[in-house]
Each structure stands twice: as C-alpha cells, then as structure tokens.
Amino acid sequence: MCGIVGYVGEERAAPILLEGLQRLEYRGYDSAGIAVLREGQLAVVRRKGRVKGLGAARSLEGEIGVGHTRWATHGAPSERNAHPHVYGGVCIVHNGIIENAAALRAACEARGEVFSSDTDSEVIAHLIAAEKGDLLHATYSACRKLAGSYAVAVLSAAEPDTIVCARRASPLVVGCDERGLYVASDIPAVAAAGRKVYALADGEFAVLRKGSPPRFFDGALKAVGKQEIVYDAAEDIPAKGGFRHYMKKEISEVPEAVSRSLCDLSKGEFSDLCEVLCHTQYLHIVACGTAYHSGLCLQYAAQKFARIPAEAFIASEYRYSDPIVPPGTLAVAVSQSGETADTLAAAALAKERGAKVLAVTNVPCSSLERMSDFVLPTRAGREIAVAATKSFNAQLAALYSLAGALARGRERAAPPLAAAASCVREALAAAEQVRGWIPYFLGARSVFFLGRGADYFAALEGSLKLKEISYLPSEGYPAGELKHGTLALVDGRTPVVAIVTDPALADKTMNAVHEVYARGAAVFLITSVPACLPCAEVTASVLLPKCAPAYSPMLTSLPLQLLAYYVAIARGNDPDKPRNLAKSVTVE
Ligand code: M6R
C-alpha cells in the first residue's frame, strides 16, 4: 500500500529517497515518484510501475525531498496520478483517503484552480497553498478541513529547508541522525544503525528543519516531547535464500515461526496480562483477512477450553456496528503488520468503550502495539510475500497459547499445544504432495473448500489464499451448509478440497464429500483421520499427523498454502506480488 519517505539534511536527497522507497516496495504499489527541492525549484519524477523506473531521478541535485509509492484508490494507476503532487509551490505526498475531496476540489475549482490529477490527495496541496502563514500553520489549517485519513509530508518552495508532517489514522515516523532528518510511513524505511526514530501519534504534526532536531506538535499545535522508539536496526528485507519466491521461503519457515511464537503466559513479562485474563469475561477479537481467520480459531479454542464467550469480528464491520462491549471485555486485535487501518480503528473503538486491548502482532513498535494495553508478539520474522503464510501459523501458536492461559485461569485445561507444534515439520513435508493436484485446478471454474469446526476456519483461509494469488474464484464453506443452496454450483469443473481432522465430525464431513462427488466434482482430501482413507470418491489426499482438532489449522493450513502457491505459479502469476493487493492495508 502507499508509502512515504522524506529527507532533509547534508546529503543529496534523491539516493536516500530512492533507497527508502525500495524498502517500502514489498507493501505493494502501482506507481512511484520523488520530488527534490533546490534553489526554490521543485524537480518531480513520477512513473507508473516500479521504483526502478525512477532511475532518472537519482541524478537530481538538492538536499531536501519527498518520495512516494502509490496504491491506487482514487484515480487509475498512472503517472498523472502518482505522487508527489505540486500546486502553487507546495508539494505533498499522502497516504490515506480524503473523504471530502470531491467537495474541497469543487471549491478550489470554483476559485479557478486547475487540478492535474484525479486523486483525492492533490487537494491537500491546493489547500495548503491557499493558506497564509508559515508551512506548519498552513498545513495545520489545511488539515482541519480534511475528513478521512492522512499521513502527509509537505515541502514548500517558500521554506526550502523544511518538511512538515501530519497524521490522522495513518502511520508516520520521523528519524534523525548526524546526516539529517527523515520521515517515513513505517519504521523499516527509516531504520538504520545509530538513527533515532520517533512515532507521530494520531493528530500530531512534526517539523523537520535542516540543522535542528525534529519538533513535534499536538492537535492544538502545542509543542510535545517524544520518546524514542526502540527498534531493531539490523532488520532489513531478507534475501530469498535460494527460493524462487518469498512465499515459498516463508512457508518453509513455518516450523520455526510456530515454535518461536508458542508462549508461556505464566512467565514474568506477561504477569499483568495474566492478571487481566483471570478477570476477563468476554473476548472480542478484531482482525482482517488471514488474521481474522486466526481470530476465528481463537474464538473456537477459547470457548472450547476456557468456556469463555468469545466472538471474532471482521474489523471493518466491528467499527461501524455500534458494538456492545460489556465490562470485563478483552479486545484481542490480531494483525501481522500492526498497521491495518480497520483493525486499529476497531481496537480503538473497543478501548473507548472500556475494553482492555491486547495486540497480537508480528511487528514490534507498530501502531497497534503502541495503542494497546498489552502485547502478545508473534515471532514469525519479517514476512515479505503479500499472501500471509508463516504469520498465520505464528498467530495460531500465540493465540492457542492465550486460549490455554485463559483456560488455566478458570481452572480448566487445554490439550498440550507443544505436541501439536512438534508435528508441524512432518505436516510440511507431507503437504508437498499437493503439487500433484495442480492439473485438476488449472481449468477449474471455481473451487470449494469444505470443513466443520476448526476445519471450517482452515477452509476459509485455504480459499482466501487461492483467490489471492491464483485469481481463481473459490469459497470456504461449512461442510453441512453446502446443501442449503450452494451445492447448485458444484459440477465437474468445481474441484472440492475437504478438510477432515476431527474424528468426531469425520463422517459428517464425508457426507458432504459423497454429495459433491455425486455431482461430478473431483474431491481432494486433507485429513489426519486415517479411517477416511482409502475412499474411492477421493481423487487424491494428504494424510497429516494427528493433533487436538482445535489446533489442526496449524497443520492443515500448510497443504492449503502450498496448493495456492503451486496453482499460482502454474497459472503464470507472481505469488509474491498479486495484482491489486498490498501487504499492509493502511486505508479503510
Ligand atoms: O497485517 P494484517 O495481518 O493486519 O493484514 C490483514 C490482511 O490484510 C491480511 O491478512 C491479508 O488478508 C493477507 N494478504 C492474506 O494473505
């Protein structure tokens, strides 16, 4: 998704901006650009496509500039709509969505101003250019007119040694070292040994002026102090390590991601959280996409083992659902990136209504971590491929650990989690057999994934993975629900993947297998119940090690991730950078 970088200091800005943009590339974008200011002149280079297309910008002279990677929301991906946008000597880069852009634009056009893009963002440059006063005050006044979300970095030909930054509901961090001052939309783009990094809070502004330390201001423009963020400067984009794609590499890292993310919550560092768990009456789990699916798995495990009422919500729905948050609610916000706008907003709403917030995230110092009362880290390591894989399994390890702690707090017991985790490597080896299934999926019209109980959540995740990178239509469905309408879609061109790990439910799910087979579907089985095999109706199967059924998505997700991966590459897609998608979804 969109990324911001900015620099002012002693060095040439262009190479620093381009390096910063490269570090943001993994997030997904469709155009890029930089602007450098020199002797009152703004030089702007923008391109549709990759950052490497900005090569010509490297030679720009000037010690102050901003850069951007754009993921189109308003206006097509094109050079014309790429940032930076310049109007009246003011240059901006913007992440977020300006919801009242149309009305603001109409007012500017009524004054005779001409727009040069179709974006919602350009209006910010127009508004700032129309304000009086210095750049900070002009930006402040302009921001007061904006509805929606923004992280913005602003240059002005009138103040050639200053970048002004502002944020609302979209992250922004500031860095400084002896070479100068930096701004970026996330920590990896500014992280460097010896560099101090500070995060802007919602509604704050920052002024980066050459030769001075950064200054920060609250929503009323009162100067505020800032704590430095402690981060891992060594953490950089990992190499592919001999793998063709990050996605395959990251799937191969699932066993380590799981074992590192198992967590003993009775240990000292979690004592405050444990205290809260003992008094927790309800769980509200908020998340998006894959993280929502791991949230469903927590809902299931917490209810089963701790007998605590738990509900997983899609964060974008929760935030507008006027939720009832009873006293004693713990809101568990699950997010790989810790920057997903909807998850942040849902967690903030739960907090506002009295819940304590527990962040379950893979990125230390992320916005989610900073706004939460407690943190349960997942330790999957940096995930680059847009499709979440190892982070899902790591979330499950952490969330099942949480379910176990909730159960113990109620003098109940959960099945041993370590036993399930120890099967992950064996499951990964078995999962490779799905490679032989590919010919059945290449010409498919659509694909169904079926399961009951925890297998249903795995089915949802398998379906999302397949859609996301193979672009095949698919649905994850509760096995028992198919016959209530959707079975009408099943024919010889709809392969069905059935997931069966709970011996108590195996016969029930196998009934659905019989039903779809009878309608001509080729059936593929992922199971840990040997009694389901052999079955004449099953075209091919993967037999996984047994574990407690509630924990099984930690294993069944592996053949599902690999299936999506192999189908995607067989269809000629780049699984690391699927079309239209971004790694970190920082807009609503
Ligand atoms: O960073 P988050 O976990 O908050 O991201 C949530 C979703 O955007 C993410 O899981 C998305 O669904 C994945 N690309 C799916 O593979």
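Residues numbered from 1 in each chain as written. Predicted model: local features only at pLDDT ≥ 70, side-chain atom pairs only at ≥ 80, totals over all residues. Heavy atoms only, no water.

*Asks:* Describe unusual backbone geometry, listing the residues and the values that go with them.
*Replies:* Omega for the peptide link from H83 to P84 comes to 0°, which places this bond in the cis form. Between L533 and the following residue, P534, the backbone shows a cis peptide bond with an omega angle of -15°. Tracing the backbone through its elements, the reader meets P534 in the loop between β23 (523-527) and β24 (538-543). In the Ramachandran plot, R307 falls in the positive-phi region, its phi being about 50° despite a non-glycine side chain. Structurally, R307 can be placed in the loop between α8 (289-306) and β16 (310-314). Overall, R307 belongs to the exposed group, its relative accessible area being 56%. (Helix = DSSP H or I, 4+ residues; strand = E, 2+ residues; numbered from the N terminus. Buried < 20%, exposed > 50% of the residue type's maximum accessible area, 1.4 Å probe, protein only.)

*Asks:* Now, about the sheet that holds strand β20 (residues 447-451): what can you tell me, with residues and values included?
*Replies:* What the five strands build is an open sheet, ordered β21-β20-β22-β23-β24; its pairing is parallel. The sheet is open, and its two edges are formed by β21 (474-478) and β24, each paired on a single side. Mean inter-strand twist for the sheet, computed between neighbouring axes without regard to direction, equals 20°. Where β20 meets strand β22 (residues 496-500), three bridges bridge the pair, whose relative direction is parallel. Residue F448 lies in a different strand from β22, and its bridge partner there is V496. (Pairing = 2+ DSSP bridges. Axes fitted to C-alpha atoms, helices over the stretch in contact; angles between N-to-C directions.)

*Asks:* Break down the environment of V254 for me, with residues and values.
*Replies:* Turning to its location among the elements, V254 is positioned in helix α6 (residues 254-261). Using a relative accessible area of 0% as the deciding quantity, one classes V254 as buried. On a C-alpha basis, the gap between V254 and L181 in space is 38 Å, while along the polypeptide they are 73 residues apart. Look past the residues within four positions of V254 in its chain and what remains in contact with it is K390, N393, V424, L558 and Q561. (Contact = heavy atoms within 4.5 Å.)

*Asks:* Run through the domain arrangement of the protein chain, naming residues and quoting values.
*Replies:* Accessible area lost upon the coming together of the parts is a frequently used measure of interface size. You can read the domains of the protein chain as domain 1 (3-236), domain 2 (242-414) and domain 3 (426-574). Here domain 2 and domain 3 have C-alpha centroids that lie 26 Å from each other. Of the residues lining the interface, 26 residues belong to domain 2; the matching set on domain 3 comes to 23 residues. Of the charged contacts, one joins E432 and K248 as a salt bridge, the two residues approaching to 3.4 Å between their closest N and O atoms. (Domains from an automatic or database assignment. Salt bridge = Lys/Arg side-chain N within 4 Å of Asp/Glu carboxyl O.)

*Asks:* Account for the environment of S294, naming residues and giving values.
*Replies:* With respect to the helices, strands and loops of the structure, S294 is situated in helix α8. Overall, S294 belongs to the buried group, its relative accessible area being 0%. Along the primary structure S294 and P213 are separated by 81 residues, whereas in three dimensions their C-alpha atoms are 42 Å apart. For S294, the side chain forms a polar contact with the main-chain oxygen of A291, separated by 2.9 Å. (Polar contact = N/O pair within 3.5 Å; in protein donor to acceptor, adjacent residues only side chain to side chain.)

*Asks:* Can you lay out the side chain of S552 for me, pointing to particular residues and giving the numbers?
*Replies:* Tracing the backbone through its elements, the reader meets S552 in the loop between β24 and α18 (553-570). Side chain to side chain, S552 and D455 meet in a polar contact 3.4 Å long. In contact with S552, other than residues within four places in its own chain, are A454, D455, T501 and C547.

*Asks:* Kindly report on the pairing of β20, identifying the contributing residues and their values.
*Replies:* Buried residues dominate β20, accounting for five of its five residues. Here β20 shows two buried faces, one formed by V447, F449 and G451 and the other by F448 and L450. In this sheet, β21 lies alongside β20 in parallel orientation, the contact comprising five bridges. Paired with V447 across the two strands is S474, which belongs to β21. Following the chain from β20 across helix α16 (residues 454-470) to the adjacent parallel β21, one finds a crossover that is right-handed. (Right-handed = clockwise from strand over helix to strand, strands pointing away.)

*Asks:* Outline the packing of aromatic side chains, listing residues and values.
*Replies:* For any two aromatic rings, the description comes down to two numbers: the centre-to-centre distance and the angle of the planes. Tallying each qualifying case throughout the model produces 13 aromatic pairs. Note on Y565 and Y566: the rings are 5.3 Å apart at their centroids and 65° apart in plane angle, and the pair reads as edge-to-face. By the ring-pair criterion, three or more aromatic residues cluster together here, those being W437, Y440, F441 and F524. Cation over ring: R50 sits above Y29, and NZ or CZ is 5.0 Å from the ring centre. (Phe/Tyr/Trp six-rings, centres within 6.5 Å; stacked < 30°, edge-to-face > 60°. Lys NZ or Arg CZ within 6 Å of the ring centre and 35° of its normal.)

*Asks:* Summarise the packing of helix α14 (residues 424-431) against α18; cite the residues concerned and give the values.
*Replies:* Relative to each other, α14 and α18 sit at 30°, their axes nearing to 9 Å. Relative to α18, α14 is oriented roughly parallel. Considering the relative orientation of α14 and α18, their crossing is right-handed. Touching V424, A427, L428 and A431 of α14 are L555, L558, P559 and L562, all from α18. In terms of residue class, the contact of α14 with α18 is built from eight nonpolar, no polar and no charged. (Parallel < 35°, antiparallel > 145°, perpendicular 65-115°, else oblique. Left-handed = near helix turned anticlockwise from the far one by under 90°. Nonpolar A, V, L, I, M, F, W, Y, C, P; charged D, E, K, R; others polar.)

*Asks:* Outline the sheet that holds strand β2 (residues 31-38), supporting the account with residue identities and numerical values.
*Replies:* In spatial order, the strands read β3-β2-β4-β1-β10-β9-β11; together these seven strands make up an open sheet with antiparallel pairing. In the strand order of this sheet, the two ends are held by β3 (41-48) and β11 (196-199), each with one partner. Between one strand and the next, the sheet's axes are offset by a mean angle of 15°, whatever the strand orientation. With eight bridges joining them, β2 and β3 adopt antiparallel strand pairing.

*Asks:* Can you tell me about the site of the ligand, naming the residues and giving the values?
*Replies:* Taken together, the neighbourhood of the ligand is formed by 15 residues, with S335, Q336, S337, T340 and E468 sitting nearest. The contact in question runs from an oxygen atom of the ligand to an N or O atom on the side chain of S337, over 2.7 Å. Between a nitrogen atom of the ligand and a main-chain N or O atom of V386, the distance comes to 3.0 Å. Coverage of the ligand by the protein amounts to 91% of the 410 Å² it exposes when considered alone. Secondary-structure elements contributing two or more residues to the shell around the ligand are α8 and α16. Residues belonging to the shell around the ligand are distributed by class as follows: seven nonpolar, six polar and two charged. Residue contributions to the shell around the ligand reach at least three from each of two domains, namely domain 2 (242-414) and domain 3 (426-574). (Near = heavy atom within 4 Å. Areas by Shrake-Rupley, 256 points an atom, 1.4 Å probe, with all protein chains shown as cover.)

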